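# Observations on chain architecture
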Amino acid sequence: MIDFEEELKRFKPIPGVNQAEEAILSNDLKDISDIVRQMTEELREQGAETTGRYRR
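Residues numbered from 1 in each chain as written. Predicted model: local features only at pLDDT ≥ 70, side-chain atom pairs only at ≥ 80, totals over all residues. Heavy atoms only, no water.

## Focus: the overall build of the chain
In terms of regular secondary structure, the chain is built from 3 helices and 0 strands. Reading the chain from its N end, one meets helices and strands in the order α-α-α. Against the globule reference of 10 Å for 56 residues, the chain gives a C-alpha radius of gyration of 24 Å, more extended than a compact globule. For the chain, the spread of C-alpha atoms along the three principal axes comes to 70 × 25 × 10 Å. Within the chain, the fraction of its 56 residues that count as buried is 4%. Carbon and sulfur atoms form 56% of the exposed surface of the chain, whose accessible area is close to 5,800 Å². Of the charged side chains in the chain, 9 are positive and 13 negative, and the gap between their average positions amounts to 8 Å. (Helix = DSSP H or I, 4+ residues; strand = E, 2+ residues; numbered from the N terminus. Rg over C-alpha atoms; globule rule 2.2 N^0.38 Å. Buried < 20%, exposed > 50% of the residue type's maximum accessible area, 1.4 Å probe, protein only. Areas by Shrake-Rupley, 256 points an atom, 1.4 Å probe, with all protein chains shown as cover. Lys, Arg positive; Asp, Glu negative; His and termini not counted. Charge placed at Lys NZ, Arg CZ, Asp CG, Glu CD.)

## Overview of a nonpolar patch on the surface
Among the surface-exposed residues, I32, I35, V36 and M39 lie close enough to one another that they form a single nonpolar patch of about 370 Å² accessible area. With respect to the helices and strands, the residue V36 is situated in helix α3 (residues 32-51). (Patch = residues over 30% accessible without salt bridge, like charges linked within 9 Å, V, L, I, M, F, W, Y side chains within 5 Å. Salt bridge = Lys/Arg side-chain N within 4 Å of Asp/Glu carboxyl O.)

## Some remarks on helix α2 (residues 15-26)
With 12 residues, α2 should cover 16 Å at 1.5 Å per step; its first-to-last C-alpha distance of 17 Å lies within 8% of that length. Buried residues are scarce in α2, accounting for 0 of its 12 residues. (Expected span 1.5 Å × (residues − 1).)

## Things to note about the pattern of salt bridges
If charged atoms from side chains of opposite charge come close, those side chains can pair. One pass over the full model with this rule turns up 2 salt bridges. As a salt-bridge pair, R10 and E7 come within 2.5 Å of each other at their nearest N and O atoms. Remark: E7 and R10 occur in helix α1 (residues 4-10); sequence separation between them is 3 residues, near one turn of the helix.

What follows is the structure, encoded as structure tokens:
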């Protein structure tokens, strides 16, 4: 069986992983839901401009 306590004692984090995590979290990355939300808002604004009102 695996002795988890012994394995944790031998564990050494990889320095590059921490640096990569910090770099990823510090960037303002957009996922697909952010992109769709932005596009929807822009389309609504364009529709409101052309019709003179806000549509839902």
